[in-house]
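# Remarks on the overall topology
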Amino acid sequence: MSGTARRRAVTDETGRYTVLYPAIAEAADRAGAAAIGLIDIGRPAALNLCVDRVGVTYSDGLFLGEPNSSVQESCSIVHDGSVPDRALPRVVTRVSVTRDRPDVEDALLAANPPVRFCGDIVDLLPEAIAAVPGDALPVVTTTWALSRLPVARRPLFVQRLRDAAARRTVAWVSAEGVGVAPSVPTLGDRPASGHSIVGIAVYEGAGEHVDAVARCWSRGRILDWFH
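Figured I'd write up the structure that's included with this text. Since the structure is predicted, the reported quantities are computational estimates derived from the model, not experimental observations.

Our next topic: the pattern of salt bridges. Inspection of every chain in the model, using the stated rule, returns 11 salt bridges. Across the pair Asp52 and Arg94 runs a salt bridge, and its minimum N-O distance is 2.8 Å. Placement of Asp52 in the loop between strand 1 (35–41) and strand 2 (55–58) and of Arg94 in strand 5 (residues 90–98) is noted, with a sequence separation of 42 residues between them. Each member of the pair, Asp52 together with Arg94, is buried. Taking the shortest distance from any N to any O, the salt bridge between Arg160 and Asp123 comes out at 3.2 Å. One end of the pair, Arg160, is in helix 5 (residues 154–164); the other, Asp123, is in the loop between strand 6 (115–118) and helix 4 (125–130), and 37 residues separate them in sequence. Of the residues examined, Asp123 reaches a relative accessible area of 42% and is grouped as partly exposed. Residues participating in the shared-partner salt-bridge network are Glu26, Asp29, Arg30, Arg86 and Asp211.

Before going further, it helps to examine the nonpolar core. Taken as a class, soluble globular proteins show a tendency for nonpolar side chains to be buried jointly. Of all hydrophobic cores here, the largest spans 44 residues; its most connected members are Ile24, Ile36, Tyr58 and Leu223. Of all the elements, helix 2 (residues 17–31) adds the most residues to this core, at 9 residues. If we skip the residues at most four places from it in the chain, Leu223 touches Thr18, Val19, Tyr58, Cys75, Ser76, Ile77, Val78, Val83, Ala214, Arg215 and Cys216. In terms of nonpolar packing, the next biggest core, distinct from the first, is built from 33 residues, Ala35, Ala136, Ala201 and Val210 among them.

So, about the sheet that holds strand 8 (residues 170–177). Taken together, 11 strands build an open sheet; the order of strands is 3-2-4-11-10-9-8-7-1-5-6 and the sheet is mixed. Of all strands in the sheet, those bounded by a partner on one side alone are strand 3 (63–65) and strand 6. Mean inter-strand twist for the sheet, computed between neighbouring axes without regard to direction, equals 25 degrees. Here strand 1 runs beside strand 7 (residues 137–143); their pairing, made up of 5 bridges, is parallel. Of the residues in strand 7, the one forming a bridge with Asp40 is Thr141. Relative to strand 9 (residues 196–204), helix 2 is tilted by about 25 degrees, and along the sheet it contacts strand 1, strand 2, strand 3, strand 4 (72–77), strand 7, strand 8, strand 9, strand 10 (207–217) and strand 11 (222–225). Sitting on the sheet, helix 5 touches strand 1, strand 7, strand 8, strand 9 and strand 10, and the angle it makes with strand 8 is about 165 degrees.

Further remarks concern the packing of aromatic side chains. A ring pair, where both rings are aromatic, is described by two values, the distance of the centres and the angle of the planes. A complete count under the given rule lists 1 aromatic pair for this structure. Both rings, one in Phe157 and one in Trp172, keep their centres 5.7 Å apart while their planes meet at 65 degrees; by these two values the pair is edge-to-face. Remark: Trp172 occurs in strand 8 and Phe157 occurs in helix 5; sequence separation between them is 15 residues. Each member of the pair, Phe157 together with Trp172, is buried.

The rules behind these values
- Residues numbered from 1 in each chain as written.
- Predicted model: local features only at pLDDT ≥ 70, side-chain atom pairs only at ≥ 80, totals over all residues.
- Heavy atoms only, no water.
- Salt bridge = Lys/Arg side-chain N within 4 Å of Asp/Glu carboxyl O.
- Helix = DSSP H or I, 4+ residues; strand = E, 2+ residues; numbered from the N terminus.
- Buried < 20%, exposed > 50% of the residue type's maximum accessible area, 1.4 Å probe, protein only.
- Core = buried A, V, L, I, M, F, W, Y, C linked by side-chain atoms within 4.5 Å.
- Contact = heavy atoms within 4.5 Å.
- Pairing = 2+ DSSP bridges.
- Axes fitted to C-alpha atoms, helices over the stretch in contact; angles between N-to-C directions.
- Phe/Tyr/Trp six-rings, centres within 6.5 Å; stacked < 30°, edge-to-face > 60°.

No statement about biological role is implied by the geometric values presented.
Quick look at the structure:
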């Protein structure tokens, strides 16, 4: 991979931290989890798995994450929203599910590479969830990844999460275009409207709680958090 392509990939990934950090922390809080296993879906570089190793500054003055991290991101809060001031619990496992393995590992992952599953992201989801220790909450993340799936396959992705919840509590954090993530409320917004919806779903047994918690623009650079 060329240096230019590598820098472009890193920039594309890291902007997502501004959305992922508070959403994952909120999902863990809703599930009462003291430890989590991160399972990132469909991002070849898997930088979403580094969300606990970065720092994020929001325009209202809130800072989340690691102040001494080499990766620092910023986000503009709009519409008087307020991102929850909540730290991520301990991350005990990092799992990547992609169609292909990347050529190189990012520096933030090189010292402790994630468990990697390569192939069909829907079919591999149960194995990825099973790779998380039983005393940790599996948190599946999709950031603009489900749009790459055929529409007919997207409900099956959610069904895999529901099936896994028969054995353990599972959380799903999504940042997808309007209407792309099955079961996540669209808030009356129109598809292809120029923004995305951040969803949090917690599955436990036969029960599930799915909520839209924010809108975001520019891959997380601008955020309207509802709660």
